[in-house]
Amino acid sequence: MPGSTPPGTTPDRGWWRGAAIYQVYLRSFADGNGDGTGDLAGLRSRLQYLADLGVDAIWLNPWYPSPMADGGYDVADYRSIEPVFGTLAEAEKLIEEAHDLGIRTIVDVVPNHASDQHAWFREALAAGPGSEARERFWFRPGVGDGPPNGWQSIFGGPAWTQVPDGEWYLHLFAPEQPDFNWNNPAVREEFLDVLRFWFDRGVDGVRIDSAAVLVKDLDSVEESYTDHDGVHDIYREWRRVSDSYGGRILIGEVWLPDQDRFANYLRADELHTAFNFDFLSSAWEPAALRASIDLTLATHLSLDAPATWVLSNHDVARPVTRYGRAVTSWDNADRRDGMPSDLELGRRRARAAALLAMALPGSVYVYQGEELGLNEVEDIPEELIDDPMWERSGHTVRGRDGCRVPLPWSGDEPPFGYSTGTPWLPQPASWRDLTVEAQQEDPESMLRLYRSALRLRRRLLGDGTIAWLPLGDEVLAFVRDSGLICVVNLGSAPVDLPAHDSVLLASGPLADGRLPSDTAVWLTPLS
Ligand code: TEU
């Protein structure tokens, strides 16, 4: 069905411009075979849930064969499916069944590094120094007894590991994730072919992992890998491939504080969209949020690229927990593990944040479990921690498992319908009140809020523009193209609503017609 257009999207300008995209962290979504790890069978059995939720597309984290040294971001074979998740035939069925429900599929491509079990890396190890096989990666002799330079891995520790013949190889992440040498035309050709492989199987888009760090300058003493100009040539080539299929999109994972540099990735012949981490990282404060929204819209408007609105993903603490902390902003370098959180407050704010994100112009991402209001799980026993950040940081950073705990679907106790076996990470008993089953019946639940909002959004929101309404420093209020008014109160006292016809949706109860603190509302205009 690629090429056809689900209801509510804009066929003329591209389906992605206003899409709601649901992130499936496959190994924690639903387990179909009882081994405790989510899989394609589990996802296929729950596709109707996603159709009922009202999303336009799903993005799946890497589903390829992988030793799972970094949750699948260590890819051993880019053209196949990890057996624990299923088979290529099942993946093709999933793509088709999702299309039948009006849901597009986006896969995750990891171009910066492979697994150390990838055929090319094994070949490189066997072939030895000076071989062509080593030229696909970054092998170098050391300096003295040490590595070629002092670069540090993003997960902690040195970015170089020595092999038995004495050479060292570069890995920006874990040692099990050797970096590709993108100066090598063979690497470039390989990935163009990987793109074609998945587009030929009907996928509608590609999420590009660590998109800004592919090109390196190893001669630099300073770490020199972020946002080299040369990376744009790569995406121009990728865009030519995606354009040759039509309707297939490229989404960049680009963490760059400088908006001008960020914007370069969204030029007309490069990526279609990129994740808005500025918004995700913003504190729950009116001035900060407004500044982030203004900056985002200004950046994207000048390029005619649609903005994206992201509140969470598999790398960051759950919004319910984040927004209940004394410090509500996000910082990858300071994850604030264990900082106390008022979850009731956090949940109220996360509900309001969802209505804000979904009302803004562009596409919106929903990370699985966000629609259930799940909190970060902060008490995973140390012996079960799987994230390589834990080991690499010398047990000082617990890492990202707390937002990757398997979903609660039904019942009163773990595994909450997720699996018939033991989930790969333990679920908190308190999630009994947050199962899909429990929330389905409760009109006040987070799930029902997301369902209603996504439905209204399809009809009235998505791509377009905003006009701010002046309702004071502590209130974010704007009108959308359809006339819908969104008001979010970030102050401590209730505020009056602007003139309106009716209340379409509210993130919490109004107080005598006024909008309480940490609450958002969608209004129809006076007719
Ligand atoms: O993440 C890239 C990245 O640099 C960060 O999101 C990083 O995980 C975070 O800063 C750690 O604090 C991507 C994936 O989203 C992530 O899950 C992978 O681990 C990483 O690439 C390596 O493939």
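Throughout what follows, the structure given in this document is the object of discussion. (Residues numbered from 1 in each chain as written. Predicted model: local features only at pLDDT ≥ 70, side-chain atom pairs only at ≥ 80, totals over all residues. Heavy atoms only, no water.)

**Concerning helix α14 (residues 446–460)**
Now for step 1: Given a rise of 1.5 Å per residue, 15 residues ought to cover 21 Å, and the 20 Å separating the end C-alpha atoms of α14 matches this to within 8%.
Now for step 2: Phi for Gly462, located one or two positions after α14, is positive at around 85°. (Helix = DSSP H or I, 4+ residues; strand = E, 2+ residues; numbered from the N terminus. Expected span 1.5 Å × (residues − 1).)

**Quick notes on a negative patch on the surface**
Now for step 1: A cluster of acidic side chains, namely Asp412, Glu413, Asp433, Glu437, Glu441, Asp442 and Glu444, defines a negative patch on the protein surface.
Now for step 2: Counting through the fold element by element, Glu444 comes out in the loop between α13 (436–440) and α14. (Patch = residues over 30% accessible without salt bridge, like charges linked within 9 Å, V, L, I, M, F, W, Y side chains within 5 Å. Areas by Shrake-Rupley, 256 points an atom, 1.4 Å probe, with all protein chains shown as cover. Salt bridge = Lys/Arg side-chain N within 4 Å of Asp/Glu carboxyl O. Lys, Arg positive; Asp, Glu negative; His and termini not counted. Charge placed at Lys NZ, Arg CZ, Asp CG, Glu CD.)

**Quick word on the side chain of Glu90**
Now for step 1: If you trace the backbone, Glu90 turns up in helix α3 (residues 88–100).
Now for step 2: No salt bridge is formed by the buried Glu90, whose closest oppositely charged neighbour, Arg44, lies at an N-O distance of 4.0 Å.
Now for step 3: The residues contacting Glu90, other than those within four sequence positions of it, are Leu40, Ala41 and Arg44. (Buried < 20%, exposed > 50% of the residue type's maximum accessible area, 1.4 Å probe, protein only. Contact = heavy atoms within 4.5 Å.)

**Brief notes about empty space enclosed by the protein**
Now for step 1: For the coordinates displayed, the defined rule picks out three cavities of 30 Å³ or more.
Now for step 2: Forming the walls of the largest cavity are Leu311, Arg318, Pro319, Val320, Ala350, Gly369, Glu370, Gly373, Leu374, Met446 and Tyr450.
Now for step 3: Those elements that provide at least two residues to the lining of the largest cavity are α10 (319–322) and α14. (1 Å grid on protein atoms, 1.4 Å probe; cavity = no way out; pocket = protein on both sides within 12 Å on 5 of 7 lines; lining within 4 Å. Points joined across faces, edges and corners; volume = space filled by probe spheres on them.)

**Details of the sheet that holds strand β13 (residues 475–480)**
Now for step 1: Taking strand neighbours across the sheet as the criterion, the five strands line up as β12-β13-β14-β16-β15 in an open arrangement whose pairing is antiparallel. Strand pairing shows two members of the sheet lacking a second neighbour, β12 (466–468) and β15 (502–506), which therefore form its edges. On average, adjacent strands in this sheet sit at an angle of 25° to one another, irrespective of strand direction.
Now for step 2: Across the sheet, helix α9 (residues 286–301) is in contact with β12 and β13; its angle to β12 comes to roughly 145°.
Now for step 3: Together, β15 and β16 (519–524) form the strand contacts of α14, whose direction differs from that of β15 by roughly 125°. (Pairing = 2+ DSSP bridges. Axes fitted to C-alpha atoms, helices over the stretch in contact; angles between N-to-C directions.)

**Overview of the packing of helix α5 (residues 185–200) against helix α6 (residues 231–245)**
The geometry of a pair of packed helices is captured by two quantities: the angle between their axes and the separation between those axes.
Now for step 1: It is the contact of α5 with α6, at a shortest axis distance of 10 Å, that shows an interaxial angle of 25°. The angle between the axes of α5 and α6 places the two elements in the roughly parallel class. Crossing geometry of α5 relative to α6 is assigned as right-handed. Listed contacts from α6 to Arg188, Phe191, Leu192, Leu195, Arg196, Phe199 and Asp200 of α5 are Asp233, Ile234, Glu237, Trp238, Val241, Ser242 and Tyr245.
Now for step 2: In terms of residue class, the contact of α5 with α6 is made up of eight nonpolar, one polar and five charged. (Parallel < 35°, antiparallel > 145°, perpendicular 65-115°, else oblique. Left-handed = near helix turned anticlockwise from the far one by under 90°. Nonpolar A, V, L, I, M, F, W, Y, C, P; charged D, E, K, R; others polar.)

**Focus on the site of the ligand**
Now for step 1: In the vicinity of the ligand there are 18 residues, among which Asp70, Asp209, His314, Asp315 and Arg400 approach most closely.
Now for step 2: Take Glu253: an N or O atom from its side chain is 3.1 Å from an oxygen atom of the ligand.
Now for step 3: One nitrogen or oxygen atom from the side chain of Asp315 is found 2.5 Å from an oxygen atom belonging to the ligand.
Now for step 4: Isolated, the ligand exposes 480 Å² of accessible area, and the fraction of that covered by the protein chains is 94%.
Now for step 5: For the shell around the ligand, the residue count by class is five nonpolar, five polar and eight charged. (Near = heavy atom within 4 Å. Polar contact = N/O pair within 3.5 Å; in protein donor to acceptor, adjacent residues only side chain to side chain.)

**Quick look at the layout of surface pockets**
Now for step 1: In this structure, the largest pocket occupies an estimated 940 Å³ of space.
Now for step 2: Lining the largest pocket are 38 residues, with Ile154, Phe173, Glu253, Trp255 and Asn332 positioned closest to its centre.
Now for step 3: Mapped by element, the contributors of at least two residues to the lining of the largest pocket are α7 (259–264) and α8 (277–281).
Now for step 4: Of the residues forming the lining of the second largest pocket, the biggest block, three residues, is contributed by α9.
Now for step 5: Each residue belonging to the lining of the second largest pocket can be placed in one class, and the counts come to seven nonpolar, four polar and four charged.

**Observations concerning the packing of helix α11 (residues 343–359) against α14**
Now for step 1: Here α11 crosses α14 at 10°, and the two axes come no closer than 10 Å. The angle between α11 and α14 falls in the class roughly parallel. Where α11 approaches α14, its residues Arg347, Ala350, Arg351, Ala354, Leu355 and Met358 are matched on the opposing element by Met446, Leu449, Tyr450, Ala453, Leu454 and Arg457.

**Things to note about the packing of aromatic side chains**
Now for step 1: Within the structure shown, the criterion is met by 33 aromatic pairs.
Now for step 2: Their ring planes at 50° and their centres at 5.2 Å tell us that Phe199 and Tyr245 sit as a pair that is tilted. Placement of the pair is Phe199 in helix α5 and Tyr245 in helix α6, with a sequence separation of 46 residues.
Now for step 3: On the basis of relative accessible area, Phe199 is assigned to the buried category, the value being 1%.
Now for step 4: Overall, Tyr245 belongs to the partly exposed group, its relative accessible area being 26%.
Now for step 5: Above the face of the Trp424 ring, Arg27 is positioned so that its terminal group lies 3.8 Å from the ring centre.
Now for step 6: Its end group placed over the ring of Trp409, Arg46 keeps NZ or CZ at 4.1 Å from the ring centre. (Phe/Tyr/Trp six-rings, centres within 6.5 Å; stacked < 30°, edge-to-face > 60°. Lys NZ or Arg CZ within 6 Å of the ring centre and 35° of its normal.)

**Some points on the environment of Gln177**
Now for step 1: Note on placement: Gln177 falls in the loop between β6 (168–170) and α5.
Now for step 2: What makes Gln177 buried here is its relative accessible area of 0%.
Now for step 3: C-alpha separation for the pair Gln177 and Ala114, spaced 63 residues apart in sequence, amounts to 5.4 Å.
Now for step 4: Only 2.9 Å separates the side chain of Gln177 from the side chain of Asp70, close enough to count as a polar contact.

**Regarding the sheet that holds strand β11 (residues 363–367)**
Now for step 1: Taking strand neighbours across the sheet as the criterion, the eight strands line up as β9-β8-β7-β3-β2-β1-β11-β10 in an open arrangement whose pairing is parallel. Sheet topology places β9 (273–274) and β10 (308–310) at the edges, where each strand pairs with a single neighbour.

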